[in-house]
Amino acid sequence: MQFVPCAIALGSNLGDSQTILKSALETLDRTPGIKVVQRSHLYLTKALTLPDSPPQPDYLNQCALLKTTLTPHKLLQALLEVELGFGRVRQQRWSARTLDLDLLLFDDVILNTSDLQIPHPRMCDRAFVLVPLAEIAPDWVEPVTGATIAQLAQLVDRSGVRQASS
Ligand SMILES: Nc1ncnc2c1ncn2[C@@H]1O[C@H](COP(=O)(O)OP(=O)(O)OP(=O)(O)O)[C@@H](O)[C@H]1O
Ligand SMILES: Nc1nc2c(c(=O)[nH]1)N=C(CO)CN2
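Here goes a summary of the coordinates provided. (Residues numbered from 1 in each chain as written. Chains lettered and ligands numbered in written order. Predicted model: local features only at pLDDT ≥ 70, side-chain atom pairs only at ≥ 80, totals over all residues. Heavy atoms only, no water.)

## Description of the pattern of salt bridges
Part 1 of the argument: With the rule as written, the count across this model stands at four salt bridges.
Part 2 of the argument: The shortest N-O distance in the salt bridge between D29 and K35 comes to 3.9 Å.
Part 3 of the argument: Owing to a relative accessible area of 26%, D29 belongs among the partly exposed residues under this scheme.
Part 4 of the argument: Residue K35 is classed as partly exposed on the basis of its relative accessible area of 37%. (Salt bridge = Lys/Arg side-chain N within 4 Å of Asp/Glu carboxyl O. Buried < 20%, exposed > 50% of the residue type's maximum accessible area, 1.4 Å probe, protein only.)

Here it is, written out as structure tokens:
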């Protein structure tokens, strides 16, 4: 089976986030059918929360390019297993977490199933995704909008996103 390029976002705002993100990528790289090809710098970002929810610690965010022989659903399953392995507890939506792994792009696939949407439906609004992703995949065309990641990254407010010393 052929390797297909894909992009993921990593986020953490509980625990030793820097170690968690590094270890999560190492775990993914050891997973059969997944290879980590490139990783962005780490970014400290203001937490996006639901209205009226208590304040949360800043996130550490990163994006990575993978190549995989897995199907999109099998890859999602692998990402969810790695999240669980790093102590992710599912509470209310957008609550603080040790590790969040989102599947952003899978080649030029557009997929809308009940448990998996590709491209990730909220990626184009999120500076904490687009800024790190533009660093490693500026020319990748987001297939729903037809815009490149570099173009999309120009459209978002990046005031809450700053590169972390790594
Ligand atoms: N592209 C995708 N990447 C990751 N999960 C997805 C995707 N599309 C759909 N999902 C579904 O979303 C579910 C909930 O994901 P999760 O709890 O990580 O959401 P969240 O990180 O709190 O919020 P958001 O999706 O806005 O980032 C997953 O179990 C998965 O089935
Ligand atoms: N800054 C930041 N805020 C968030 C993030 C994230 O990764 N970074 N993830 C969320 C749910 O996926 C909700 N809010």
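## Description of the site of ligand 2
Part 1 of the argument: As a structural note, the neighbourhood of ligand 2 is formed by T45, K46, A47, L48, Y59, N61, W94, R97, D100 and F128.
Part 2 of the argument: Within the backbone of K46, a nitrogen or oxygen atom sits 2.8 Å from a nitrogen atom of ligand 2.
Part 3 of the argument: In this structure, L48 approaches ligand 2 through a main-chain N or O atom, which is 2.8 Å from a nitrogen atom.
Part 4 of the argument: The protein chains hide 96% of the 340 Å² of surface that ligand 2 would expose on its own.
Part 5 of the argument: Class assignment for the residues of the shell around ligand 2 results in five nonpolar, two polar and three charged. (Near = heavy atom within 4 Å. Polar contact = N/O pair within 3.5 Å; in protein donor to acceptor, adjacent residues only side chain to side chain. Areas by Shrake-Rupley, 256 points an atom, 1.4 Å probe, with all protein chains shown as cover. Nonpolar A, V, L, I, M, F, W, Y, C, P; charged D, E, K, R; others polar.)

## Structural notes on the nonpolar core
Part 1 of the argument: Among the nonpolar cores identified, the biggest contains 27 residues, and I8, L10, L28, L66 and L103 are the most heavily contacted of them.
Part 2 of the argument: For this core, the secondary-structure elements that each account for two or more residues are β1 (4-12), α1 (17-30), β2 (34-39), β4 (59-68), α2 (72-85) and β5 (100-106).
Part 3 of the argument: Discounting chain neighbours no more than four positions away, the residues touching I8 are L25, L28, Q62, C63, A64, L66, L79, D102, L103 and L104.
Part 4 of the argument: With 24 residues, the next largest nonpolar core counts F128, I136, A147 and A153 among its residues. (Core = buried A, V, L, I, M, F, W, Y, C linked by side-chain atoms within 4.5 Å. Helix = DSSP H or I, 4+ residues; strand = E, 2+ residues; numbered from the N terminus. Contact = heavy atoms within 4.5 Å.)

## Thoughts on α1
Part 1 of the argument: In this model, α1 (14 residues) spans 20 Å end to end at C-alpha, consistent with the 20 Å of a helix rising 1.5 Å per residue.
Part 2 of the argument: Residues S17, I20, L21, A24, L25 and L28 constitute the buried set of α1. The buried residues of α1 occupy an angular sector of 130° when the element is viewed end-on, so they sit on one face. Along α1, exposed side chains directed more than 90 degrees from the buried face belong to K22 and R30.
Part 3 of the argument: Residues of α1 that are buried sit in contact with β1, β2, β4 and α2. (Expected span 1.5 Å × (residues − 1). Arc of directions from axis to C-beta.)

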